[in-house]
Structure formats: structure tokens, C-alpha cells
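# Remarks on the overall topology
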Amino acid sequence: TTLPNVGRELMLLKVRFTEETRTEIMDIAKVFNARIVDLASKCLTIEVTGEPEKILALEQLLQKFGILEIAKTGKIALLRHNTQTSTIQYIG
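Below you will find a few notes about this structure. (Residues numbered from 1 in each chain as written. Predicted model: local features only at pLDDT ≥ 70, side-chain atom pairs only at ≥ 80, totals over all residues. Heavy atoms only, no water.)

## Overview of the overall build of the chain
What counts here: Strands are runs of DSSP state E lasting at least 2 residues, helices are runs of H or I lasting at least 4, and numbering of each runs from the N terminus. Note on classification: 1.4 Å probe, protein chains only; a residue is buried when its accessible area is under 20% of the maximum for its type, exposed when over 50%, partly exposed between these limits. Pairs of residues are marked as contacts when any of their non-hydrogen atoms sit within 4.5 Å. All accessible-area figures derive from a Shrake-Rupley calculation using a 1.4 Å probe, and residue coverage is judged against the displayed protein chains alone.
Scanning the chain from terminus to terminus reveals two helices and five strands. If you list the helices and strands of the chain from N to C, you get β-α-β-β-α-β-β. Across the 92 residues that make up the chain, the buried fraction comes to 26%. A separation of at least 24 residues holds for 71% of the contacts in the chain among residues at least 6 apart in sequence. Accessible surface for the chain amounts to roughly 6800 Å². Of this, 53% is attributable to carbon and sulfur atoms.

## Quick notes on the environment of Leu 61
Take Leu 61: it is sitting in helix α2 (residues 52-62). Take Leu 61: its relative accessible area is 40%, and that puts it in the partly exposed class. Residues within four places of Leu 61 in sequence aside, it is in contact with Ile 28 and Phe 32.

## Focus on the pattern of salt bridges
The test is simple: A carboxyl oxygen of Asp or Glu within 4 Å of a side-chain nitrogen of Lys or Arg is what we treat as a salt bridge.
Inspection of the entire model under this criterion finds seven salt bridges. Glu 19 is the salt-bridge partner of Arg 22, the closest N and O atoms lying 4.0 Å from each other. Judged by its relative accessible area of 58%, Glu 19 is exposed. We note a salt bridge from Lys 75 to Glu 51, for which the minimum N-O separation is 3.5 Å. With Lys 75 in the loop between β4 (67-72) and β5 (76-79) and Glu 51 in the loop between β3 (43-50) and α2, this pair connects stretches of sequence that are 24 residues apart.

## As for α2
So the rule is basically this: It is the directions from the helix axis to the C-beta atoms whose arc is reported.
By the burial criterion, the buried members of α2 are Ile 55, Leu 58, Glu 59 and Leu 62. Viewed end-on, α2 has its buried residues packed into an arc of 100°, placing them on one side of the element. If you follow the buried residues of α2, they end up packed against β1 (5-16), α1 (22-31), β3 and β4.

Rendered as C-alpha cells:
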């Protein structure tokens, strides 16, 4: 849509790690305001939300470690509230 909106995408990403790479992966996730939502013996699951460009940048940075699994919502959005109208617009 060309109307002003607030949009986000969600990605869950499972990444392989070693003792040597774990801290680096977690530091990269932190830069992107991503959360570690699961930690196993050899992989961790990261959750990140934001603009699609941000999601893609994180995915590209983590590829070198070995992405085991990935799931994305695609972009979801709501129109920004227009204070000049008193009606709520529903899209769908």
C-alpha cells in the first residue's frame, strides 16, 4: 500500500555454533535487537522482528556459521492512525 503504515516481519532462525563462534553469533544478534529464544548443545534459535531489509541483513551475516532452519512471516502491516478521522479502517 502507498498509505502510511507500520510494518514488520518476524524471522526465527536456527544457527549452528561452536564454542569459538557462540559469542560472535550472540553479539551479531544483539546488534540487530534479536533474541536468543532457544539454546541447544550445537545450535541456537534466534528471533528477530523489523523491516525486511534488517531481517535479510541478519540472515546474510549468519550464513557463514551454518543456518540449519529458517521461518519468516513475510511483512505484516497496519495503517498509521489518522487523527483527522474518527473511524477505524479495517483491512482484510
